[in-house]
Amino acid sequence: MKAVKKMIAILRILGIAAAIGGGFGFYFQVHPLLIALAGTVFGYALAENAALQSRIRTWTRMQEYLDWERIDCTLKSEHDNADVID
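All values reported here derive from a predicted model rather than from experimental measurement.

S.K.: Would you mind going over the overall build of the chain with me for this structure?
M.R.: When helices and strands are tallied, the chain shows three helices and zero strands. Written out in order from the N terminus, the α and β elements of the chain read α-α-α. Relative to the globule expectation of 12 Å for 86 residues, the C-alpha radius of gyration of the chain, 22 Å, shows a markedly less compact shape. Judged by the C-alpha coordinates and their principal axes, the chain covers about 65 × 35 × 15 Å. Burial status across the chain gives 13% buried among its 86 residues. When contacts within the chain are restricted to residue pairs at least 6 apart in sequence, long-range pairs at least 24 apart make up 72% of them. In the form shown here, the chain has an accessible surface area of approximately 7300 Å², with 66% of it arising from carbon and sulfur atoms.

S.K.: Any chance you could explain the packing of aromatic side chains here in plain terms?
M.R.: Each aromatic ring pair is specified by the distance between its two centres and by the angle formed by the two planes. What the rule picks out here adds up to three aromatic pairs. Where Tyr27 meets Phe28, the ring centres are 4.9 Å apart and the plane angle is 80 degrees; that geometry is what we call edge-to-face. The two residues Tyr27 and Phe28 agree in class, both being exposed. Ring geometry for Trp59 and Trp68: centres 6.1 Å apart, planes at 65 degrees, overall edge-to-face. Under the relative-accessibility criterion, Trp59 is labelled partly exposed at 35%. Grouping aromatic residues by their ring pairs yields a cluster made of Phe24, Tyr27 and Phe28.

How each quantity is defined
- Residues numbered from 1 in each chain as written.
- Predicted model: local features only at pLDDT ≥ 70, side-chain atom pairs only at ≥ 80, totals over all residues.
- Heavy atoms only, no water.
- Helix = DSSP H or I, 4+ residues; strand = E, 2+ residues; numbered from the N terminus.
- Rg over C-alpha atoms; globule rule 2.2 N^0.38 Å.
- Buried < 20%, exposed > 50% of the residue type's maximum accessible area, 1.4 Å probe, protein only.
- Contact = heavy atoms within 4.5 Å.
- Areas by Shrake-Rupley, 256 points an atom, 1.4 Å probe, with all protein chains shown as cover.
- Phe/Tyr/Trp six-rings, centres within 6.5 Å; stacked < 30°, edge-to-face > 60°.

Okay, structure coming up:
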């Protein structure tokens, strides 16, 4: 969870930097491809940031309903059975 929150912060900073860079690029009349690149980076950072925040809310709710002991038991038995098949 800590790594996801760190990634959200990085994406926020990247998005803000891309927006500012695109604004300066538009003001100083740089090549339109550079402005488009800044817009693309801003859009990507914004979309990923929203997706990660949504996943955090969903994961927090799902953790309450998951039976971790049963999941661990199932994974262990599947792992033990996989060794026999090989």
